[in-house]
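Given next are the chains, with one letter for each unit.
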Amino acid sequence: KEAFSFLLELGANPHYSSSERMPIIHRTCLMSDSFWLREVLRFGADPNLLWETSRTRRPNRPMFMAMRYDNFHLVPILVEAGASLTEQILIHEGSDYTPIGYAAKYGPEAVETVLFFLDRGVMPTKN
């Protein structure tokens, strides 16, 4: 952790992408330890960054990765950093991939996240 922070302090790019072109902020949302996400955000990572994956061809945002990998506790951190509450977190035509829409479809694990969004005035879209 010290080395990671030190590299960012020295000017490492918080939007760096790994060999499979996954941005660091998306990778940090795969990890349950919030330290990694907080650090890249502290050094300017964009909480709304779209990653155009080579596998699915459906761009997604860090919030999608956090929810997809059951790291719902990272969602408030992303929102606090400026993540959109209304933009789609996975770009896929014909599906509701707004943050609250995806969380609502995810199931019981996401109930607190849905309540978090509702507390912030986010309303589900009508399909």
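Since this is a predicted model, take the numbers as computed values, not measurements.

Parameters and conventions
- Here the residue index of a chain counts from 1 through its sequence in written order.
- Totals for whole chains, interfaces and linings use every residue, but because this is a predicted model, local features are given only for residues with pLDDT of at least 70 and side-chain atom pairs only at 80 or more, for both listing and counting.
- Water and hydrogen atoms were dropped before computing side-chain values, which therefore reflect all heavy atoms in the structure.
- Under the DSSP-based scheme used, a helix requires at least four consecutive residues in state H or I and a strand at least two consecutive residues in state E, with every element numbered from the N terminus.
- Here a residue-residue contact requires only that any non-hydrogen atoms of the pair lie within 4.5 Å.
- Residue exposure (1.4 Å probe, protein chains only): buried if accessible area is under 20% of the type maximum, exposed if over 50%, otherwise partly exposed.
- Any Phe, Tyr or Trp ring, taking Trp's six-membered ring, that has another such ring centre within 6.5 Å forms a pair; planes under 30 degrees apart are called stacked, those over 60 apart edge-to-face, and the others tilted.
- Each ring is checked for a lysine NZ or an arginine CZ that lies within 6 Å of its centre and within 35 degrees of its normal; such an atom marks a charge sitting over the ring.
- Pairs of N or O atoms are called polar contacts if they sit within 3.5 Å, as long as, within protein, a hydrogen donor faces a hydrogen acceptor (for residues adjacent in sequence, only side-chain-to-side-chain pairs).
- For our purposes a nonpolar core is just a set of buried Ala, Val, Leu, Ile, Met, Phe, Trp, Tyr and Cys residues, chained together by side-chain atoms within 4.5 Å.
- Residue-level confidence of the predictor is summarised by pLDDT, bounded by 0 at the bottom and 100 at the top.
- A patch consists of residues exposed above 30% relative accessible area that lack any salt bridge, with like charges linked at up to 9 Å and nonpolar side chains (Val, Leu, Ile, Met, Phe, Trp, Tyr) linked at up to 5 Å.
- Computed by Shrake-Rupley with a 1.4 Å probe, the accessible areas treat only the displayed protein chains as cover when residues are assessed.
- We define a salt bridge as a contact between a side-chain nitrogen of Lys or Arg and a carboxyl oxygen of Asp or Glu at a distance within 4 Å.

Draft legend 1. Local environment of the side chain of Thr28. With respect to the helices and strands, Thr28 occurs in helix α2 (residues 24-28). In this view, Thr28 contacts Trp36, Leu37, Val40 and Leu74; residues no more than four positions away in its chain are not counted.

Draft legend 2. Inspection of unusual backbone geometry at higher detail. Look at Asp70: it is not a glycine, yet its phi comes out positive at around 60 degrees. Turning to its location among the elements, Asp70 is positioned in the loop between α4 (62-68) and α5 (75-80). Residue Asp70 is classed as partly exposed on the basis of its relative accessible area, which comes to 46%.

Draft legend 3. Region of interest: the packing of aromatic side chains. Applying the stated criterion to the full structure yields 7 aromatic pairs. With a centroid separation of 5.1 Å and an interplanar angle of 80 degrees, the aromatic rings of Phe4 and Trp36 are classed as edge-to-face. Here Phe4 is found in helix α1 (residues 2-9), whereas its partner Trp36 is found in helix α3 (residues 35-42), with 32 residues between them in sequence. Under the relative-accessibility criterion, Phe4 is labelled partly exposed at 22%. In textbook terms, an aromatic cluster arises when at least three aromatic residues are bridged by ring pairs, as seen for Phe64, Phe72, Tyr97, Tyr102 and Tyr106. Directly above the aromatic system of Tyr69 lies the positively charged group of Arg68, at a separation of 5.5 Å from the ring centroid.

Draft legend 4. Region of interest: the environment of Trp51. One can find Trp51 in the loop between α3 and α4. The class of Trp51 is buried, set by a relative accessible area of 7%. Spatially, the C-alpha atom of Trp51 lies 12 Å from that of Ser18, the residues being 33 residues apart in sequence. The contacts of Trp51, once residues within four sequence positions are left out, are Glu20, Arg21, Met22, Pro23, His26, Arg58, Pro59, Asn60 and Met65. A polar contact of 2.8 Å, which involves the side chain of Trp51, links it to the backbone oxygen of Arg21.

Draft legend 5. Main features of the nonpolar core. Among the nonpolar cores identified, the biggest contains 34 residues, and Leu37, Met63, Met67, Leu78 and Phe117 are the most heavily contacted of them. Looking at this core, the elements with two or more residues in it are α2, α3, α4, α5, α6 (99-106) and α7 (111-119). Here this core gets 5 residues from one element, more than from any other, and that element is α4.

Draft legend 6. Representation of the confidence of the model for the protein in the model. Here the protein shows a mean pLDDT of 90. Residues at 70 or above account for 95%. Ranking the helices and strands of the protein by mean pLDDT puts α3 first, with 98, and α6 last, with 89.

Draft legend 7. Spotlight on a nonpolar patch on the surface. A contiguous nonpolar patch, built from Val111, Leu115, Leu118 and Met123 and spanning about 370 Å² of accessible area, is present on the exposed surface. By secondary structure assignment, the location of Leu118 is in helix α7.

Draft legend 8. Summary view of the pattern of salt bridges. Going through the model one piece at a time under the given rule, you end up with 3 salt bridges. Here Arg42 makes a salt bridge to Glu39, at a shortest N to O gap of 3.0 Å. Pair noted here: Arg42 and Glu39 are both in helix α3, with a separation of 3 residues, about one helical turn. We classify Arg42 as exposed; its relative accessible area is 53%. Taking the shortest distance from any N to any O, the salt bridge between Glu87 and Arg61 comes out at 3.0 Å. Taken together, the residues Glu87 in the loop between α5 and α6 and Arg61 in the loop between α3 and α4 connect sequence positions 26 residues apart.

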